[in-house]
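Overview (structure and organization)
Read off the chains here:
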Amino acid sequence: MEVTRQNFKDSLKTVCSAIEEADFLAIDGEFSGISDGPNVSALTNGLDTPEERYAKLKKHSMDFLLFQFGLCTFKYDQEKSKYIIKPFNFYVFPKPFNRTSPDLKFICQSSSIDFLASQGFDFNKVFCNGIPYLNQEEEVQLREQSEERRNQQANGVGAASFNSPSSKGPAHVPEEHKDFINRVIGKVEALLTNSEKTLDLEPCTGFQRKLIYQTLNWKFSKGLHVETVETEKKERYIQVIKVDDEERKRREQQKREREQEELNDAVGFSRVIHAISKSGKLVVGHNMLLDVMHTIHQFYCPLPEDLQDFKEVTMCVFPRLLDTKLMASTQPFKELITNTSLAELEKQVKESPFKAPLVETAEGFHSYDTAQEQLHEAGYDAYITGLCFISMANYLGSFLTPPKAYISAHSKVVEPFFNKLFLMRIIDIPYLNITGPDLQPKRDHVLFVTFPKEWKTSDLYQLFSAFGNIQVSWLDDTSAFVSLSQTDQVQIAMNTSRYAESYRIQTYAEYIKGKQQKEKLGQTPKSWGEDGWMKPHYSTTSAGTAATFAYHKGLRKRSISPVEGERGTGDSPITDGWSQYSFPDATGSKKMKIDDQSGHAEAIESKTSEGWLKTADAPDSAGSSTPPEDEGSPDDDCGDDAEGTVTWQRAPAAQGRKGQKKKKKPQKPKGPQPTTSLFEVPEVW
């Protein structure tokens, strides 16, 4: 269903009803741009921390506009064994509803607009018929202003909309406006003596309207109702109506009701987001961090500076989130899905070993056809995001005993994926953990290198050629992270660079320490220049040459990822970014509880050799059970439903990876334990 300003009020009840009855919701957004400064490669550095990534997105992405919001509700029909869907496609635009409402400024990115235009996006529907909205702070402020205005009018202060006796003298009318005001007085006097009931004055300026109000309020003690009317073309004129006292009071009440209705209309699309939040339903998205950030920023409140505060706000707005891109990038799906982009994922989860879900569009709603691929229409993208989730969730049911063809959005089998949002292009932190601490990988193999502006990627490969394969992650024109294949090479690199004049090498730990010290001193460690790159914090020396080789002058094209032809020789590189994690210590398999609707508890074995390696425990908003610490422990209380057990085999440690250490098992804290999911998104994929 396409929803614009014209049919939003009539459609709102249908939208809220669909949200309330749904088993889960899928969302997607289209934006006017992605980054206002750095390019995507600089905005998404492969060695960002979660805090750095959040700060970058907040600074460089939030001035764009989310102007199309897709929502698709999914409700499972037990009798038909299929999902009933209701798709909605909302066009959103922050139209000011009066002169005191916020007049939002936003920016556009030419590449994003060009791309959406190439996909057939209708911008006229956004700018001409987009649904307005207010965040909570703006709504409160406007309601307070409205209340204050009514109080002023009741106390005889400000411009009243009707004529009432006044002890004040005549208003001062400037000489150049006296003829205009005298003509208005003549028209009003004629109205009082003839049979006409209404007089529409000609459009005029705001100052002239003020003079009219003041003059009529003084000259005519009673019998008139005066108010400003606005046409569709934004022209304002004054309407004068003959009334008695009873009619005047009735019109005043109508005006107050109309103002409240206009204010409710101005809240607009935010009411849909409030309904989603209030429902507490699982909200599914694909690579959805930006969708979540924009939704909160536009329709709830400005994003907080601190990442932890953002997590708390997110949990208040969306108690349960699931990212299908993260799900598809995780075992047991990782080896089955070769491309996790939304369009390709939708195609792959229809093929074996997956099964395309059975869905039926509810009566009165537009039916999407995946064969036509209406990609980058937010409603369609939300629809296929929901289909991908259903296929992957149902695939997990094949591991149960007995196997289940249908896994609900409330099942504990999918809980490990709750509230973890995919982090794009970070090589060793795959997700942002909304409900707990984020992963903290060891980066002992990473060096921070500063160098002259003329250097390029090939220069860094040549500098580190003695250390085998490396991975370069650029920060700005004069600095980059260099990841070595072996941790024990770090000290060698540090020693050999001690007397270098044109470049400097620090360990990752030294870089973090220096950055923290700058922050304590109130300095900004990173700032973006006008050219879209971070301002260099390294001054090039007059030497202008590297310690080990000469470079060519002139800035040339860089590459974030290693170029095959420029790679050195040596041990094969660790490209998956996971070798710096510690594996859990375990022998054999670990039993974990699942929900079993049949009421029977059975132990089953995993059908895959891949293990679900456990990350740090985090409280789960859905109230899931805590997996037992020891094998076969029957003591955990998981609610009233009978439970089964599932045994997942842990994958053997990867061979040939260096610098890998065993992780000590943390001691079990005293007191109440936070609940955890059945199996967590693994640390090692």
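Preceding this paragraph is the structure being described.
Described in the following lines is the structure provided in the data block. This structure is a prediction, so every number in the text was calculated from the model and none was measured. (Residues numbered from 1 in each chain as written. Predicted model: local features only at pLDDT ≥ 70, side-chain atom pairs only at ≥ 80, totals over all residues. Heavy atoms only, no water.)

**Looking at the pattern of salt bridges**
- This structure, assessed with the given rule, holds 22 salt bridges.
- Here R236 ties to E230 by a salt bridge, and the two come within 3.3 Å at their closest N and O atoms.
- A relative accessible area of 21% places R236 in the partly exposed class.
- One continuous salt-bridge network, built from bridges that share partners, spans K9, E261 and D265. (Salt bridge = Lys/Arg side-chain N within 4 Å of Asp/Glu carboxyl O. Buried < 20%, exposed > 50% of the residue type's maximum accessible area, 1.4 Å probe, protein only.)

**Focus: the nonpolar core**
- Core analysis: the biggest nonpolar cluster contains 64 residues, and L71, F90, F269, I276 and F310 have the highest contact counts within it.
- Per element, the largest residue contribution to this core is six residues, and it comes from helix α11 (residues 289-299).
- Here I276 is in contact with I19, L25, F69, L71, K281, V283 and F318, once residues within four sequence places are set aside.
- L345, V349, A382 and F417 belong to the second largest nonpolar core, which has 39 residues in total. (Core = buried A, V, L, I, M, F, W, Y, C linked by side-chain atoms within 4.5 Å. Helix = DSSP H or I, 4+ residues; strand = E, 2+ residues; numbered from the N terminus. Contact = heavy atoms within 4.5 Å.)

**Quick look at a negative patch on the surface**
- Judged by side-chain charge, E51, D306, D309 and E312 come together as a negatively charged surface patch.
- With respect to the element layout, E51 can be found in helix α3 (residues 50-61). (Patch = residues over 30% accessible without salt bridge, like charges linked within 9 Å, V, L, I, M, F, W, Y side chains within 5 Å. Areas by Shrake-Rupley, 256 points an atom, 1.4 Å probe, with all protein chains shown as cover. Lys, Arg positive; Asp, Glu negative; His and termini not counted. Charge placed at Lys NZ, Arg CZ, Asp CG, Glu CD.)

**Considerations on helix α18 (residues 508-520)**
- The terminal C-alpha atoms of α18, which comprises 13 residues, lie 19 Å apart, in line with the 18 Å expected from a rise of 1.5 Å per residue.
- Buried positions along α18 lie against α3, β13 (446-450), β14 (470-476), β15 (479-484) and β16 (504-507). (Expected span 1.5 Å × (residues − 1).)

**Description of the pairing of strand β6 (residues 224-230)**
- Pairing between β6 and strand β7 (residues 236-242): seven bridges, direction antiparallel. By the bridge assignment, H225 is partnered in β7 with I241.
- Connecting β6 to the next strand, β7, in antiparallel fashion are five residues, including K234 with a positive phi near 70°. (Pairing = 2+ DSSP bridges.)

**Remarks on the packing of α11 against helix α12 (residues 307-317)**
- Contact pair α11 / α12: the axes reach a minimum separation of 11 Å and the direction vectors enclose 80°. The orientation of α11 with respect to α12, classified from their angle, is roughly perpendicular. Taken together, the residues of α12 that come into contact with α11 (itself represented by L289, V292, M293 and I296) are F310, V313, T314 and V317.
- Tallied by class, residues from the contact of α11 with α12 come to seven nonpolar, one polar and no charged. (Axes fitted to C-alpha atoms, helices over the stretch in contact; angles between N-to-C directions. Parallel < 35°, antiparallel > 145°, perpendicular 65-115°, else oblique. Nonpolar A, V, L, I, M, F, W, Y, C, P; charged D, E, K, R; others polar.)

**A look at the environment of I429**
- One can find I429 in the loop between β11 (420-422) and β12 (431-433).
- Once the C-alpha coordinates of I429 and D48 are considered, the two residues, 381 residues apart in sequence, prove to be 8.7 Å apart.

**Some thoughts on the sheet that holds β16**
- Reading across the sheet, the four strands line up as β14-β15-β13-β16 and stay open at both edges, with antiparallel pairing between neighbours. Looking along the sheet, the strands with just one partner apiece sit at the ends: β14 and β16. Averaged over all neighbouring strand pairs, the angle between strand axes comes to 25°, with direction disregarded.
- The sheet strands contacting helix α17 (residues 489-496) are β13, β15 and β16, and the helix crosses β16 at an angle near 150°.
- Docked against the sheet, α18 engages β13, β14, β15 and β16, running at close to 90° with respect to β16.

**Concerning the sheet that holds strand β5 (residues 198-200)**
- What the three strands build is an open sheet, ordered β5-β7-β6; its pairing is antiparallel. Looking at which strands have only one partner, the edges of the open sheet turn out to be β5 and β6. In this sheet, neighbouring strand axes are inclined to one another by 20° on average, regardless of whether the strands run parallel or antiparallel.
- Seen against the sheet, helix α7 (residues 178-193) touches β5, β6 and β7 and runs at an angle of roughly 160° to β5.

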